[in-house]
2 protein chains.
Amino acid sequence: MTDVMTELATEAPGAIHSTFRVSRTYPQAPERVFKAFEDTELVRRWRVEDDNCDVLEFAYDFRVGGTEVSRFVFPGGPEIRLDAQFQDIVANERIIFTYRMMAGPVLLSVSLSTIELKRSGRGTELTFSEQGVYFEGVDGPKNREDGTRFILEKLAKALVD
Amino acid sequence: MTDVMTELATEAPGAIHSTFRVSRTYPQAPERVFKAFEDTELVRRWRVEDDNCDVLEFAYDFRVGGTEVSRFVFPGGPEIRLDAQFQDIVANERIIFTYRMMAGPVLLSVSLSTIELKRSGRGTELTFSEQGVYFEGVDGPKNREDGTRFILEKLAKALVD
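Rules used throughout
- Residues numbered from 1 in each chain as written.
- Chains lettered and ligands numbered in written order.
- Predicted model: local features only at pLDDT ≥ 70, side-chain atom pairs only at ≥ 80, totals over all residues.
- Heavy atoms only, no water.
- Pairing = 2+ DSSP bridges.
- Helix = DSSP H or I, 4+ residues; strand = E, 2+ residues; numbered from the N terminus.
- Least-squares fit on C-alpha atoms with pLDDT ≥ 70 in both.
- Contact = heavy atoms within 4.5 Å.
- Buried < 20%, exposed > 50% of the residue type's maximum accessible area, 1.4 Å probe, protein only.
- Axes fitted to C-alpha atoms, helices over the stretch in contact; angles between N-to-C directions.
- pLDDT = per-residue confidence, 0-100.
- Buried area = accessible area lost by both parts, 1.4 Å probe.
- Salt bridge = Lys/Arg side-chain N within 4 Å of Asp/Glu carboxyl O.

**Student:** Before we go on, may I ask you to explain the pairing of strand S2 (residues 54-60) of chain A in this structure?
**Tutor:** Successive side chains on a regular strand alternate, one facing one side of the sheet and the next facing the other. Residue and element names in this part refer to chain A. Pairing of S2 with strand S3 (residues 67-73) involves six bridges; the strand directions are antiparallel. Paired with Ala59 across the bridge in S3 is Val69. Counted between consecutive antiparallel strands, the loop separating S2 from S3 contains six residues, among which Gly65 sits at a positive phi close to 90°.

In C-alpha cells:
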C-alpha cells in the first residue's frame, strides 16, 4: 500500500450533520407528560423496556448536570449503549439533553435534543427537535427520526395507563 | 394578574435552534493542530487565558466521556461557566463535544460541536460545525459564530509560537 492508501484506510467515516423536528399532541396535561420524563421508574417502563429487549443497565439521574446510562441488547444484536447528559430542565416546559449512541464499539451518533411542552387546550403539544451528528455508512438521520416517532407513540400508550 | 398572565410570566424564554459552520486553513500539520486541543496546558494558554479575563477554574479531561469545566470573569461581568463533555475523539482527525454556557444563573446556550481536521498540502483545513440551542432575549447564534471565528484566530497565533 502507498502512504496515501494507508491514510485513507485509517480515516474515520465522515460526519453528517442534520436536524429534524417531530411534533405530537397528547390529551394529558404538561405536568403529566413531564412526569413521564422525570420519574425514573416511569421512564424505565415506557421508554427503555421492550418485549424484545434485554436491559443490561439503566441509571437515570434527572437533574441539570446529571446523566443517563442505558445498555441493552436485542436478540442476536450488539450491545447498544446510550450515554446522555441533562443540560436544561424547566419543569413542565422543556428538557434539553445531549447523548451518544454506540452499537458495540461503533459510535452511531451524537445528538442534542430539545423537548418542548406547550399547553394545548386540556392537553399538551410536544415538540422534539434533534440536532445530530451521524457517520457515513453507519447510521443516518432518517433512522433516528423514525425511532423518535416510535418512542413518542410508546409515550402516548404509557400516558393512558 | 390573571392566570394567563401568570403563566406567560413564568414561561421559559423560547428555544432557538441554529447551525453554523466556519472553516479555516492553518499552515501547520493536523498533528500539530490536534495537539492544541489535546494538551491541557496548551488549551489553557491559547483558548482559556486572555489579557482581560480572570480564570477561576479550568479542569480539562480530554478523553471520550471526559469533561471540561471552565469558569472565568471579565471585569465587571458575571461569572461565565462552560461545562463540556467529550463525545468522540479521533486523533488528528476529529473532536466532537457538547457544552453548556452559563452567565451567572442564566443559561446562554447548549451546543454540539464538531471539529474536523483535513490535511491540506502541508497544512490543515479545520472545519468547525456548531449545532446549538439559544434562548430568545438572551443569546443568539450570530454572537457564537463571531466568538468561534475569534477563537480560531487565537489558535492561528498560538500555532506559530
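Once you've had a look at it, read on.
**Student:** Just to check I follow, could you spell out the relation of the copies chain B and chain A for this structure?
**Tutor:** Related by rotation about an axis and a shift along that axis, the two copies of the chain form a pair. Screw-axis analysis of chain B against chain A gives a translation of 0.0 Å along the axis, an RMSD of 0.0 Å, and a rotation angle of 180°. These values place the two chain copies in the arrangement generated by a two-fold rotation axis. A shared interface surface links the copies, since 100% of the contact residues of chain B are contact residues in chain A too.

**Student:** Just to check I follow, could you spell out unusual backbone geometry for this structure?
**Tutor:** Leaving glycine aside, a negative phi is the common case for residues, and trans is the common case for peptide bonds. Residues and elements named next belong to chain A. Of note in the backbone geometry, Asn92 takes a positive phi value of approximately 70° without being a glycine. With respect to the secondary-structure elements, Asn92 resides in the loop between strand S4 (80-90) and strand S5 (94-103). The exposure class of Asn92 is partly exposed, given its relative accessible area of 25%.

**Student:** I would appreciate a short explanation of the sheet that holds strand S5 (residues 94-103) of chain B in the present structure.
**Tutor:** Sheet strands associate in pairs through backbone hydrogen bonding, adopting either a parallel or an antiparallel arrangement. Residue and element names in this part refer to chain B. A sheet is described by the order of its strands in space; here seven strands give the open sequence S1-S7-S6-S5-S4-S3-S2, paired in antiparallel fashion. The strands lining the two open edges of the sheet, one partner per strand, are strand S1 (15-26) and strand S2 (54-60). Averaged over all adjacent pairs, the angle separating strand axes in this sheet is 15°, with direction ignored. Where strand S4 (residues 80-90) and S5 come together, 10 bridges link them in antiparallel fashion. Bridging across to S5, Arg81 finds its partner in Met102. Along the sheet, helix H2 (residues 30-38) makes contact with S1, S2, S4, S5, strand S6 (106-120) and strand S7 (123-135), crossing S6 at roughly 155°. Strands S1, S5, S6 and S7 of the sheet are contacted by helix H4 (residues 141-160), whose axis makes an angle of about 25° with S1.

**Student:** Looking at this model, I keep getting lost on the confidence of the model for chain A. Mind explaining?
**Tutor:** Detail in the predicted coordinates should be disregarded across regions flagged by low pLDDT. Taken residue by residue, chain A gives an average pLDDT of 92. The fraction at 70 or more is 93%. Interface predicted TM-score (ipTM) for the complex: 0.91; the corresponding pTM is 0.92.

**Student:** It is not clear to me how the interface of chain B and chain A should be interpreted in this structure. Could you clarify?
**Tutor:** Interfaces are frequently sized by the accessible area removed from exposure as the parts join. The partner chain A presents 36 residues to the 36 residues of chain B that form the contact. Interface area, chain B with chain A, both sides summed: about 2500 Å², of which 52% is carbon and sulfur. By the criterion of area lost to chain A, the three top residues of chain B are His17, Gln87 and Gln131 of chain B, representing 23% of everything that side buries. At the junction of chain B with chain A, the criterion picks out zero salt bridges. Those elements that place two or more of their residues in the side of chain B that touches chain A are helix H1 (3-10), S1, S4, S5, S6 and S7 of chain B. With eight residues, S6 of chain B is the single largest residue contributor to the side of chain B that touches chain A.

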